[in-house]
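A closer look at the structure
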Amino acid sequence: SSWNYRWLVLAIAMVRFYMEKGTHRGLYKSIQKTLKFFQTFALLELVHCLIGIVPTSVIVTGVQVSSRIFMVWLITHSIKPIQNEESVVLFLVAWTVTEITRYSFYTFSLLNHLPYFIKWARYNFFIILYPVGVAGELLTIHAALPYVKKSGMFSIRLPNKYNVSFDYYYFLLITMASYIPLFPQLYFHMLRQRRKVLHGEVIVEKDD
Ligand SMILES: CCCCCCCCCCCCC[C@@H](O)CC(=O)SCCNC(=O)CCNC(=O)[C@H](O)C(C)(C)COP(=O)(O)OP(=O)(O)OC[C@H]1O[C@@H](n2cnc3c(N)ncnc32)[C@H](O)[C@@H]1OP(=O)(O)O
């Protein structure tokens, strides 16, 4: 429940920023510390699945958490010129609304008093918020490409004594392409969960 409260604090900070400044410029900078903290600690969700505290799919959680950590640290934190892109607001809003709903769902479920609206929101909001979040993430990586190419950041060029090379620009292109096979896995997983939780269908998952 404290996670739910913290994501709510982040949402309030974003709304207040926009109301006071009337622009999204500077929004990321003002909330970045909180965002990095929450998203990095989301790694615990993966640990919880791995050690069996929650019965969630390790693969689905792994893809979900790693893509967010990648966006926070290796894209938005590392490439300052893109922090004011509108696409950053897209994924920030999608993540925040999702996490407030999700942690409310967990909290009320644990209390055995789950309001139907929270349950409904948990298994319906994602239908729109997932594509919005993915669009925000892909547009932000796309906006980062010219800076990465120009700066050569995180890249290792030949010749060097280890004889290895790595090009972050091409890594980003591959990452963008990887959304094509990976995102539908997450989306269809949530659609199956929706059918199970809202319509009581029994569904057998094969992924782990
Ligand atoms: C380094 C390079 C990286 C490259 C990456 C390439 C990426 C490729 C594509 C990735 C695209 C991702 C895009 C994404 O970031 C965009 C967005 O997120 S936009 C916003 C919309 N998103 C969502 O709606 C996602 C929401 N996510 C989730 O719901 C979960 O993360 C997920 C694991 C995906 C699904 O969870 P699921 O419904 O399967 O299980 P739960 O964990 O919710 O529930 C299972 C049971 O466990 C109980 N539970 C779980 N956690 C808790 C908790 N903390 N407290 C209490 N109870 C908990 C839960 O109640 C369930 O119990 P029961 O079965 O009894 O109901």
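What counts, and at which threshold
Residues numbered from 1 in each chain as written. Predicted model: local features only at pLDDT ≥ 70, side-chain atom pairs only at ≥ 80, totals over all residues. UniProt positions renumbered as here; feature names shortened; annotations may be inferred. Helix = DSSP H or I, 4+ residues; strand = E, 2+ residues; numbered from the N terminus. pLDDT = per-residue confidence, 0-100. Expected span 1.5 Å × (residues − 1). Bend = angle between axes of the 7 residues up to and from the residue. Buried ≥ 20, exposed ≤ 12 C-beta atoms within 10 Å, placed from the backbone. Contact = placed C-beta atoms within 7 Å.

An unreviewed UniProt entry annotates the chain as Very-long-chain (3R)-3-hydroxyacyl-CoA dehydratase originating from Carlito syrichta. In UniProt, the chain has this text filed under Pathway (unreviewed entry): "Lipid metabolism; fatty acid biosynthesis." Checking UniProt for the chain, the heading Sequence similarities (unreviewed entry) contains the comment "Belongs to the very long-chain fatty acids dehydratase HACD family."

We now examine the environment of Phe183. Counting through the fold element by element, Phe183 comes out in helix α8 (residues 168–199). Distance in space between the C-alpha atoms of Phe183 and Val60 is 9.8 Å, their sequence separation being 123 residues.

Turning next to the confidence of the model for the chain. Interpreting fine coordinate detail is not advised for predicted regions of low pLDDT. Averaged over all residues, the pLDDT of the chain is 93; the fraction at 70 or higher stands at 95%. For the chain, the element scoring lowest by mean pLDDT is helix α1 (residues 2–21), at 88; helix α7 (residues 125–151) scores highest, at 98. Taken over the whole predicted complex, pTM reads 0.92, whereas the ipTM for its chain interfaces reads 0.90.

A word on α8. When the terminal C-alpha atoms of α8 are compared, their 44 Å separation across 32 residues agrees well with the 46 Å that a helix rising 1.5 Å per residue should span. The largest bend along α8 measures about 40 degrees and falls at Ile180, with the proline Pro181 one to four residues further on. When α8 is considered as a whole, its buried residues turn out to be Tyr168, Leu172, Leu186 and His189. On the buried face of α8, the contacting elements are α4 (58–77) and α7. Downstream of α8 by one or two residues, Gly200 has phi in the positive range, about 65 degrees.

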